[in-house]
Structures are given as structure tokens and as C-alpha cells.
Amino acid sequence: MGLLADWLDSMTPRAHRTCDSTTSWLGARAGIVQAGLLPGPPILTATSDGAGAGGWRLTGISPWCTGWGMVDELLVAARLREDIATVAWFMVSATAQPGLRSQRLNLHAVGATETVALTFDGVTIDGSRFLGTDPFSTVGHAAGNGLRPNGSLALGLGQRCANGLAALGRAQAVAAADELTQRISQIREQLDTTTPDDMAAARASANQLAIQAATAFVAGSGAASAVAGSAAERAMREATFLLVFGSRPQIRTALLTPQTARR
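Residues numbered from 1 in each chain as written. Predicted model: local features only at pLDDT ≥ 70, side-chain atom pairs only at ≥ 80, totals over all residues. Heavy atoms only, no water.

Peer 1: Any chance you could explain the overall build of the protein chain here in plain terms?
Peer 2: Helix and strand counts for the protein chain stand at 9 helices and 8 strands. Here the contacts in the protein chain between residues at least 6 apart in sequence split such that 68% fall between residues at least 24 apart. In the structure as shown, the protein chain presents an accessible area of about 13200 Å², 56% of it carried by carbon and sulfur atoms. (Helix = DSSP H or I, 4+ residues; strand = E, 2+ residues; numbered from the N terminus. Contact = heavy atoms within 4.5 Å. Areas by Shrake-Rupley, 256 points an atom, 1.4 Å probe, with all protein chains shown as cover.)

Put into C-alpha cells, the structure is as follows:
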């Protein structure tokens, strides 16, 4: 629970601290819209509607929202239009409503997640669904929040590839599986013990391991891996997906930097 609590506190600080047992959406299935946490110019902004009732309007886009049609509520992070250095948090009903449009993304992996892009065209938000604000400098993705948990996805995929290699039963494949399992343990320790300043490099190492593991699984499986839907083919698709899923500019930089330059 410690890792989960840390993730909630870093990714959704205002909502995590604000919700209580009287909150109407407590217990609902919820997703998250992190557009307001992305570095660069704001792509989703919040503006007070000026009606005196504390209402808001959301305008812009969210290029990624997972669970559309499966969740009831969305925790939305948007930048204040009048102060882009501030992130405002809202609970928004994940249903069709005026000004809110969704477009399903045809992903090459994890298609069952029902991931969509959302467009907010002046979506009206009642004041009771405003959770509060936080400085962008402390909660934005550029600050490095939430980097550790998604690293486990790469490790899990790497271990699945190692297990698949071991199941092939051939001596060379089994040896490769043992080596991968050892490397996974090393990178897990790196992720668990590294400093925040070095976490992006550790995440890059985990992503590279997933690619290496999937490559070995494909090679070990031979021609069978060329069949769409095979275990090795799926692993390779998912490994490339993880290169960009939950990524940050720091991780991208680390992945694009030759390993010799990082040593």
C-alpha cells in the first residue's frame, strides 16, 4: 500500500486530500485526465464562468483517457487560463454531455482499455465539483511525479518474456530466460532505490529491458512469432507501447542518449 499511497499523493494530491465520506462520487469507478499536467503550453484550461456560483468551464483537449465507457467519473487536471502556473482539479462525469466529445484510439496494444482522446468545448463544471488547485511546478509531469509505478509494467512484461523463453525448453532459450530474470531483479532494485533525479534513467533502463526481452522471445519462438496474436508477437507490440506509455521528457531523453554517454 505504501507505493500506491505515494502514487496517489504525487499524481492526485488535491483530490486525494479533499475527498471524504460525504463526497457523492466516492466509490464510483474513476479514470483520470492528466492533460493539465503535461509540460509545454497548456492544452486543457479551466476558466471561472463568472456567474457568481463558483462554476467553471473546461476548454481544450486530452490526448489520452483510458476506460471511457467503463468509468463513471474522471479526475481532471487543467491549467488555469488566467494563471497557467496553477493546476486546477475537477471531478467530471464520464458521460456524454454538451461540449464533451470522445474519439476512440486504435492502439496497437492494450486495445481493451477503451482509450480515447477527449475534446472539451466549454464544458460546464458545477462549483461543487471543483477540488482545488496545486502549483504546476510541484505536480506537473516535468517535476517527475509518478515515474516509479509504470516502471513495473516493463518489468512484468520482461518476466513474461523470460517465462515464455523458459517454456520453450531449449537450453539456449532457458539460459536467456535466466539471464533476463537476473537483469529484471537488478533493474527492480534500481527502480526501488534510485534517487528522484536518477529515476528517469532507471525507467529508461526498464523500457530497454522490455524491448530486449521481447526481442529474445521473438527470436527464440522462431517463425511462430510472425503470427498475429502469438505470445511473442504480442509481447513485442506491448514492449514498443511501453516506450511511450507513462513517459516523460526526461525518460525520452534518456532513451535517446547512447548508453555509453550515460555512464
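Peer 1: Any chance you could explain the environment of G151 here in plain terms?
Peer 2: Considering the arrangement of structural elements, one finds G151 in helix α4 (residues 151-168). We classify G151 as buried; its relative accessible area is 0%. As a C-alpha pair, G151 and D192 span 41 residues in sequence and 9.9 Å in three-dimensional space. Setting aside anything within four residues of it in sequence, one finds G151 in contact with L191, R203 and A206. (Buried < 20%, exposed > 50% of the residue type's maximum accessible area, 1.4 Å probe, protein only.)

Peer 1: Quick question: what am I supposed to make of unusual backbone geometry here?
Peer 2: The phi angle of most residues is negative, glycine excepted, and most peptide bonds adopt the trans form. Positive phi outside glycine occurs at V110, with the angle close to 45 degrees. By the secondary structure assignment, V110 is in the loop between β6 (100-104) and β7 (116-125). The phi angle at E114 is positive, at roughly 50 degrees, despite the residue not being glycine. The residue E114 is located in the loop between β6 and β7 in this model.

Peer 1: Before we go on, may I ask you to explain the pairing of strand β5 (residues 83-93) in this structure?
Peer 2: One face of the sheet, then the other: side chains in a regular strand alternate in exactly this way. Sheet topology places strand β4 (residues 73-80) next to β5; 8 bridges connect them, and they run antiparallel. Bridging from a neighbouring strand, R79 pairs with V87 of β5. Counting the residues between successive antiparallel strands, the hairpin from β4 to β5 contains 2 residues. Note: β5 against strand β8 (residues 130-135), 5 bridges, orientation antiparallel. Following the sheet pairing, F90 is matched in β8 by F130. (Pairing = 2+ DSSP bridges.)

Geometric descriptors of this kind do not, in isolation, establish any biological role.
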